[in-house]
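# Report on the structure
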Amino acid sequence: MQLLPGRRWLAVLGSVGQPRDGNPAASYLMLDSDKREVTYCRAPYDVEQATARIRDKGLPTSLAERLFVGR
């Protein structure tokens, strides 16, 4: 997304690890202040390992299941 000059911008990014958009991949935003651009990015990760660690630590299984469905 090109950022128009003379305007203020606010980006609300959320956090990696508990997706709400149906996609379990990590998401992040990159800002290029020289080009005045923001780029939305996705990065896959080992969801199976992450859910296993959640369960191993005794955390609620709903946290692990949420990673698989991205909700």
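Here the structure is a predicted model, which means the values were calculated and not measured.

Conventions adopted
- Residues numbered from 1 in each chain as written.
- Predicted model: local features only at pLDDT ≥ 70, side-chain atom pairs only at ≥ 80, totals over all residues.
- Heavy atoms only, no water.
- Helix = DSSP H or I, 4+ residues; strand = E, 2+ residues; numbered from the N terminus.
- Buried < 20%, exposed > 50% of the residue type's maximum accessible area, 1.4 Å probe, protein only.
- pLDDT = per-residue confidence, 0-100.
- Pairing = 2+ DSSP bridges.

## A short note on the environment of Arg7
If you trace the backbone, Arg7 turns up in the segment before β1 (26-32). Note on Arg7: relative accessible area 52%, which makes it exposed. With 23 residues separating them in the primary sequence, Arg7 and Met30 have C-alpha atoms 18 Å apart.

## As for the confidence of the model for the protein chain
Across the protein chain, pLDDT averages 84, with 93% of residues at or above 70. Within the protein chain, the lowest mean pLDDT, 85, falls on helix α2 (residues 61-69), and the highest, 92, falls on helix α1 (residues 47-56).

## Overview of unusual backbone geometry
In the Ramachandran plot, Arg36 falls in the positive-phi region, its phi being about 55 degrees despite a non-glycine side chain. Its place among the elements puts Arg36 in the loop between β1 and β2 (37-43). Judged by relative accessible area, which is 31%, Arg36 ranks as partly exposed.

## Considerations on the pairing of β1
Where β1 and β2 come together, 7 bridges link them in antiparallel fashion. Across the sheet, Ala26 pairs through a bridge with Ala43, a residue of β2. In this structure, the hairpin formed by β1 and β2 is closed by a connection of 4 residues, where Arg36 is found at a positive phi of approximately 55 degrees.

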